[in-house]
2 protein chains.
Amino acid sequence: MKLLKEKMLKEGIVLSDSVLKVDSFLNHQMDPQLINEIGREFANRFESESITKVLTIESSGIGPGILAAMYLQVPLVFARKRKSLTLTDNLLTSSVYSFTKQENYEISVSNRFLSSQDKVLIIDDFLANGQAALGLIDLIQKAGSDLAGVGIVIEKGFQDGGKVLRERGIRVESLAIIHSLKEGNIQFAEQAMEGAIHE
Amino acid sequence: MKLLKEKMLKEGIVLSDSVLKVDSFLNHQMDPQLINEIGREFANRFESESITKVLTIESSGIGPGILAAMYLQVPLVFARKRKSLTLTDNLLTSSVYSFTKQENYEISVSNRFLSSQDKVLIIDDFLANGQAALGLIDLIQKAGSDLAGVGIVIEKGFQDGGKVLRERGIRVESLAIIHSLKEGNIQFAEQAMEGAIHE
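It should be emphasised that the depicted structure is a prediction, and the values quoted were computed from it without experimental measurement. (Residues numbered from 1 in each chain as written. Chains lettered and ligands numbered in written order. Predicted model: local features only at pLDDT ≥ 70, side-chain atom pairs only at ≥ 80, totals over all residues. Heavy atoms only, no water.)

Chemist: Can you walk me through the UniProt feature "binding site: 5-phospho-alpha-D-ribose 1-diphosphate" (unreviewed entry) in chain A in this structure?
Modeler: Residue and element names in this part refer to chain A. Per the UniProt annotation, the sites labelled "binding site: 5-phospho-alpha-D-ribose 1-diphosphate" (unreviewed entry) are Ala128, Asn129, Gly130, Gln131 and Ala132. With respect to the helices, strands and loops of the structure, Asn129 is situated in the loop between β8 (119–127) and α4 (131–143). You can call Asn129 buried: its relative accessible area is 19%. Ignoring anything within four residues of it in the chain, the contact list for Asn129 reads Phe99, Gln159, Asp160 and Gly161. (UniProt positions renumbered as here; feature names shortened; annotations may be inferred. Helix = DSSP H or I, 4+ residues; strand = E, 2+ residues; numbered from the N terminus. Buried < 20%, exposed > 50% of the residue type's maximum accessible area, 1.4 Å probe, protein only. Contact = heavy atoms within 4.5 Å.)

Here it is in structure tokens:
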């Protein structure tokens with residue numbers, strides 16, 4: 001998605017070989033015009049999938065999620081994160097390991113909002129090692145819902161989340177795939193492929 | 001706002017004299033068409049205020065916030081909640097007391113996204129005792145920004161947050177004001193006023 005990649009090049013801050021800071025437009029401050037186009041793009045890519053629900057996870061998935069759900073004309077459900085859950089009545093829960101924080105946290109959704117009648121599109125802002133996406137897929141399976149696919153704003157192509165999901169046969173649509181953040185530069189996956197073709 | 005009140009009457013669950021559950025359309029599952037109209041309504045009410053930023057708080061403020069920001073054509077910033085903050089570099093922080101959880105939590109925003117040039121509209125899903133709104137106002141003051149007003153989806157008129165804010169001269173626009181939840185019924189503030197007029 002051209003608009004997104006331009007924004008990443010213009011405002012993204014490469015903090016290390018594995019960390020890109022995009023808090024000026026995606027996950028702390030949000031650019032609503034960009035988020036609107038992101039939502040529209042997800043809806044376009046999955047419009048033939050008869051989706052009945054969009055599922056995301058608090059907090060930074062909610063912006064792209066609500067716009068995607070608006071264009072798909074279905075409800076958005078966002079999973080909540082907790083370090084530990086005490087009351088789990090009527091909750092579908094899953095445990096997710098955070099490599100960043102090196103700890104487990106629980107994610108949950110009410111069983112009132114996902115059912116065996118649902119075909120669910122997962123939306124999230126980042127895909128790195130795929131742990132959060134796998135947790136959301138686990139919730140969908142526990143609900144007996146069908147998974148339509150996973151829509152990601154920015155995929156870190158140099159981490160293995162995308163590979164893990166695609167090897168399971170899951171459709172993953174990432175609007176930007178980062179091949180590398182080496183030497184402080186964002187290199188997108190298409191550039192890497194073009195480079196390989198030209199060599 | 002008629003559409004919102006109809007939805008509250010149809011899907012809201014009165015759990016006690018002070019608690020209304022609206023998780024089927026506002027703060028767990030979200031109805032994007034309704035949230036879109038809510039965002040448009042906030043933008044209409046504050047369009048003459050030369051707003052430069054919308055500020056909300058994770059997680060359930062983000063949906064209404066991003067749509068309001070989209071119609072106002074300004075960025076959304078969402079404050080993050082933490083039980084305690086260790087790293088506070090470049091962060092504006094404030095302490096908020098939660099009556100529900102009976103504990104303090106910290107809210108924060110990066111000082112890169114609020115400045116003395118900004119005129120800020122606060123958006124949140126609920127206004128009860130006003131602690132969260134006062135925390136957000138504190139962040140705005142610390143940033144040296146101007147406060148344009150506060151837009152609330154559902155105000156609990158029987159708690160004193162609205163009174164506290166309005167007595168400070170702050171413009172508060174609530175799309176639905178609940179007068180009472182007694183006997184399992186939602187009574188809106190206008191109905192209460194109409195009742196008083198007819199008496």
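Chemist: What is the right way to look at the side chain of Ser145(B) in this model?
Modeler: Residues and elements named next belong to chain B. Structurally, the position occupied by Ser145 is in the loop between α4 (131–143) and β9 (146–156). By relative accessible area, which is 8% here, Ser145 ends up buried. Setting aside residues no more than four positions away along its own chain, Ser145 makes contact with Leu114, Ser115, Ser116, Asp118, Val120 and Ile140.

Chemist: Looking at this structure, I do not really get helix α2 (residues 32–46) of chain A. What am I missing?
Modeler: Every α-helix winds through 3.6 residues per turn, so residues three or four apart in the chain are directed the same way. All names here are of chain A. Between its first and last C-alpha, α2 extends 21 Å over 15 residues, near the 21 Å set by a 1.5 Å rise per residue. Buried residues of α2: Pro32, Leu34, Ile35, Asn36, Ile38, Gly39, Phe42, Ala43 and Phe46, and no others. Near the N-terminus of α2, the side chain that reaches the backbone nitrogen of Gln33, with its oxygen 3.0 Å away, is that of Asp31. (Expected span 1.5 Å × (residues − 1). Polar contact = N/O pair within 3.5 Å; in protein donor to acceptor, adjacent residues only side chain to side chain.)

Chemist: Is there a simple way to explain the UniProt feature "binding site: xanthine" (unreviewed entry) in chain A in this structure?
Modeler: Taken from the UniProt record, the annotation "binding site: xanthine" (unreviewed entry) applies to Leu20(A), Asn27(A) and Lys156(A). Tracing the sequence through the fold places Leu20(A) in strand β2 (residues 20–21). Judged by relative accessible area, which is 6%, Leu20(A) ranks as buried. For Leu20(A), the contacting residues outside a window of four places in its chain are Met8(A), Gly12(A), Ile13(A), Val14(A), Phe126(A), Ile178(A), Leu181(A) and Ile186(A). By the element assignment, Asn27(A) lies in the loop between β2 and β3 (29–30). Contacts of Asn27(A), omitting those with residues within four sequence positions, involve Val22(A), Ser60(A), Asp125(A), Phe126(A), Phe78(B) and Arg80(B).

Chemist: Please clarify how a positive patch on the surface should be interpreted in this entry.
Modeler: Among the surface-exposed residues, Lys81(A), Lys83(A), Lys101(A), Lys81(B), Lys83(B) and Lys101(B) lie close enough to one another that they form a single positively charged patch. Mapped onto the fold, Lys83(A) is located in the loop between β5 (76–82) and β6 (91–98). (Patch = residues over 30% accessible without salt bridge, like charges linked within 9 Å, V, L, I, M, F, W, Y side chains within 5 Å. Areas by Shrake-Rupley, 256 points an atom, 1.4 Å probe, with all protein chains shown as cover. Salt bridge = Lys/Arg side-chain N within 4 Å of Asp/Glu carboxyl O. Lys, Arg positive; Asp, Glu negative; His and termini not counted. Charge placed at Lys NZ, Arg CZ, Asp CG, Glu CD.)

Chemist: Would you take a moment to explain the interface of chain B and chain A for this structure?
Modeler: Where interface size is given, it is often the accessible area lost as the parts come together that is meant. Listed as interface residues are 34 residues of chain B and, on the opposing side, 34 residues of chain A. When the two sides are added together, the surface that chain B and chain A hide from each other amounts to roughly 2,800 Å², 60% of it contributed by carbon and sulfur. Along the contact surface separating chain B from chain A lie 2 salt bridges. Applying the counting rule to chain B against chain A returns 17 residue pairs in polar contact (both at pLDDT 80 or more). Secondary structure elements with two or more residues in the side of chain B that touches chain A: β3 (29–30), α2 (32–46), α3 (62–72), β5 (76–82) and β7 (103–110) of chain B. A per-element tally of the side of chain B that touches chain A places α3(B) first, with 6 residues. Here the residues of the side of chain B that touches chain A are counted per class, giving 16 nonpolar, 12 polar and 6 charged. Alignment of β3(A) against β5(B), held across 2 bridges, turns out to be antiparallel. Within the sheet, the bridge partner assigned to Met30(A) lies in β5(B) and is Leu76(B). (Buried area = accessible area lost by both parts, 1.4 Å probe. Nonpolar A, V, L, I, M, F, W, Y, C, P; charged D, E, K, R; others polar. Pairing = 2+ DSSP bridges.)

Chemist: Would you explain the pattern of salt bridges in this entry?
Modeler: Proximity of charged atoms lets side chains of opposite charge pair with each other. Residues and elements named next belong to chain B. For the coordinates displayed, the defined rule picks out 34 salt bridges over all chains. When the shortest N-O distance is used, the salt bridge between Glu49 and Arg171 registers 3.1 Å. One end of the pair, Glu49, is in the loop between α2 and β4 (53–57); the other, Arg171, is in the loop between α5 (161–167) and β10 (172–180), with 122 residues separating them in the sequence. Residue class for Arg171 comes out partly exposed when judged on its relative accessible area of 28%. Close ionic contact of Arg166 with Glu155 constitutes a salt bridge, the shortest N to O distance being 2.9 Å. Of this pair, Arg166 sits in helix α5 while Glu155 sits in strand β9; the two residues are 11 residues apart in sequence, bridging distant segments of the chain. When its relative accessible area of 4% is taken as the criterion, Glu155 is described as buried.

Chemist: Where do I start with the nonpolar core in this structure?
Modeler: As a rule of thumb, soluble globular proteins bury nonpolar side chains together. Residues Leu4(A), Met8(A), Leu4(B) and Met8(B) are the most contacted members of the largest nonpolar core, which totals 76 residues. Not counting chain neighbours up to four residues away, the residues in contact with Met8(B) comprise Leu20(B), Phe25(B), Ile154(B), Ala176(B), Ile178(B), Ile186(B) and Phe188(B). (Core = buried A, V, L, I, M, F, W, Y, C linked by side-chain atoms within 4.5 Å.)

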